[in-house]
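Chain residues, written in single-letter form:
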Amino acid sequence: MKIIRFKYQKKISWGELRKNDVYCFSMSPFKSINYSGLKLKQVDVQFLAPVNPSKVVCVGLNYRGHARELGMADFSEPVIFLKPQSSVIGPGAVIKYPSSVSRLDYEAELALVIGKTCSAVSEEAALEHIFGYTGLNDVTARCIQSRDGQWTRAKSFDTFCPIGPCIETNLKKITNCRIKLYLNSRLKQDGCTSDFVFAIRYLVSFISRVMTLYPGDIISTGTPQGVGPMQRGDTVEVSIEGIGRLKNTVV
Ligand code: MG
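Calculation criteria
- Residues numbered from 1 in each chain as written.
- Predicted model: local features only at pLDDT ≥ 70, side-chain atom pairs only at ≥ 80, totals over all residues.
- Heavy atoms only, no water.
- Core = buried A, V, L, I, M, F, W, Y, C linked by side-chain atoms within 4.5 Å.
- Buried < 20%, exposed > 50% of the residue type's maximum accessible area, 1.4 Å probe, protein only.
- Helix = DSSP H or I, 4+ residues; strand = E, 2+ residues; numbered from the N terminus.
- Domains from an automatic or database assignment.
- Pairing = 2+ DSSP bridges.
- Salt bridge = Lys/Arg side-chain N within 4 Å of Asp/Glu carboxyl O.

Asker: Describe in detail the nonpolar core, supporting the description with residues and values.
Answerer: In this structure, L104 and I219 are the most contacted members of the largest nonpolar core, which totals 57 residues. The biggest single contributor to this core is helix α5 (residues 200-208), with five residues. Counting only domains with at least three residues in this core, you end up with domain 1 (2-47) and domain 2 (49-250). Counting residues in each nonpolar core, the second largest holds 17 residues, with I3, A49, A111 and I167 among its members.

The structure is reproduced here in structure tokens:
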């Protein structure tokens, strides 16, 4: 099932996307899947980020190819960092290029959405706590990332976390899923989750031993090789097999 969060007539709701129609829910899908009976046309609703997470936990260097392109060895443990709620935007929203930044990069990522509160969950039980999967662009001020030595400022500007377009609750090929990025319709990243250093069940378990994860929280699983810069006026699309395309423009 593909679930979207959207605005329609000034009201924010959730619904299931089926072809070009939206079957509206009467409550948050994190409580229960309840249809309200209202059906809308996809073109009539404004897509929002499919969740409003309390936190976005990102994994650095989780693809062997990307670790190689940055000249980094694989790590024995995941490197994790946070993006704030204030950085989250939805499909179609604009990424604002900060005037203090000289290099702004895209990073196409598969993100998972937590469905049940979890703390110190085992790898065996980890997947039960996942609600579904979505796309994420881990927008990065690369010039600041290298200058600061740690990543908070580089990763956290407003609009630096596009998420969407939907949550797929039944992603079939999780361990063999293609992750692509198009910049102005040109293919720039083309990776596969089979290149992961750390498996998803391991990441959920590892992160939940650090911080309690709540329904709607996001874990972004890292980006494949091919990262590069964006310019003002560019259109950037994260395309995840089985989920869809997350399209944003840079201003
Ligand atoms: Mg990243």
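Still more ground to cover, so stick around.
Asker: Could you give an account of unusual backbone geometry, naming the residues involved and the relevant values?
Answerer: The residue after G164, namely P165, is reached through a cis peptide bond having omega 5 degrees. Its location among the elements puts P165 in strand β14 (residues 161-168). Even without glycine at this site, L61 takes up a positive phi of about 55 degrees. Counting through the fold element by element, L61 comes out in the loop between β6 (56-60) and α1 (64-69). Classification of L61 as buried rests on a relative accessible area of 10%.

Asker: Got a sec to walk through the sheet that holds strand β10 (residues 104-106)? Specific residues and values, please.
Answerer: With antiparallel pairing, the three strands of this open sheet are ordered in space as β13-β10-β18. Here the strands that pair on one side only, and so sit at the sheet edges, are β13 (140-141) and β18 (228-230). As judged from the three bridges shared by β10 and β18, these two strands associate in the antiparallel manner. Note on β18: the bridge partner recorded for L104 is M230.

Asker: I'd like a rundown of the pattern of salt bridges, residues and numbers included.
Answerer: Under the criterion given, the structure shown has 15 salt bridges. Here D138 and K155 are joined by a salt bridge, their closest N and O atoms 2.9 Å apart. Pair noted here: D138 is in the loop between β12 (130-137) and β13 and K155 is in helix α4 (residues 152-156), with a separation of 17 residues, a long-range link. Here K173 ties to E241 by a salt bridge, and the two come within 2.6 Å at their closest N and O atoms. Remark: E241 occurs in the loop between β19 (235-240) and β20 (244-250) and K173 occurs in the loop between β14 and β15 (178-183); sequence separation between them is 68 residues. A relative accessible area of 40% places K173 in the partly exposed class.

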